[in-house]
Amino acid sequence: MTLIGQNCAPFYAVDQAQLQEIGTTLFSQSLDRFGQDRLLKAMNVAETEDTAALRESGAAFWCPLQRAYLNSLRMRGLIGGQR
């Protein structure tokens, strides 16, 4: 959620408040379920992979993919149209 907020907001309408709320909720639930060590390792792997994808393809390609993925999870409106 952090990478979406940082990288997509300059180019797309992004609901920062909702991204923050979802990110906080996911973190809390994951921390309770998996523990700090496992969660931080998983977050580091995911951030590394997503950062590499962003560098390789650029936000103009990566952000619409994230929007489609979030929409498939019924989280519509987090990433809106282009600015």
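Computed from a predicted model, the values in this text were never measured in an experiment. (Residues numbered from 1 in each chain as written. Predicted model: local features only at pLDDT ≥ 70, side-chain atom pairs only at ≥ 80, totals over all residues. Heavy atoms only, no water.)

Colleague: Kindly report on the packing of helix H3 (residues 36-57) against helix H4 (residues 59-72), identifying the contributing residues and their values.
Modeller: In the contact formed by H3 and H4, the axes pass within 7 Å of each other and the chain directions differ by 130°. What the angle tells us is that H3 and H4 run oblique. Along its contact with H3, which presents Asp50, Ala53, Leu54 and Ser57, the element H4 presents Ala59, Phe61 and Trp62. Across the contact of H3 with H4, the residue classes tally to five nonpolar, one polar and one charged. (Axes fitted to C-alpha atoms, helices over the stretch in contact; angles between N-to-C directions. Helix = DSSP H or I, 4+ residues; strand = E, 2+ residues; numbered from the N terminus. Parallel < 35°, antiparallel > 145°, perpendicular 65-115°, else oblique. Contact = heavy atoms within 4.5 Å. Nonpolar A, V, L, I, M, F, W, Y, C, P; charged D, E, K, R; others polar.)

Colleague: Which residues make up the nonpolar core, and what values go with them?
Modeller: Counting residues in hydrophobic clusters, the biggest one holds 15 residues, and the most contacted among them are Ile4, Cys8, Tyr12, Val14, Trp62, Cys63 and Ile79. At the level of secondary structure, the elements contributing two or more residues to this core comprise helix H1 (2-8), strand S1 (12-14), helix H2 (16-34) and H4. Cysteine 8 has contacts with Leu3, Val14, Trp62, Cys63 and Ile79, leaving out every residue within four places of it along the chain. (Core = buried A, V, L, I, M, F, W, Y, C linked by side-chain atoms within 4.5 Å. Buried < 20%, exposed > 50% of the residue type's maximum accessible area, 1.4 Å probe, protein only.)

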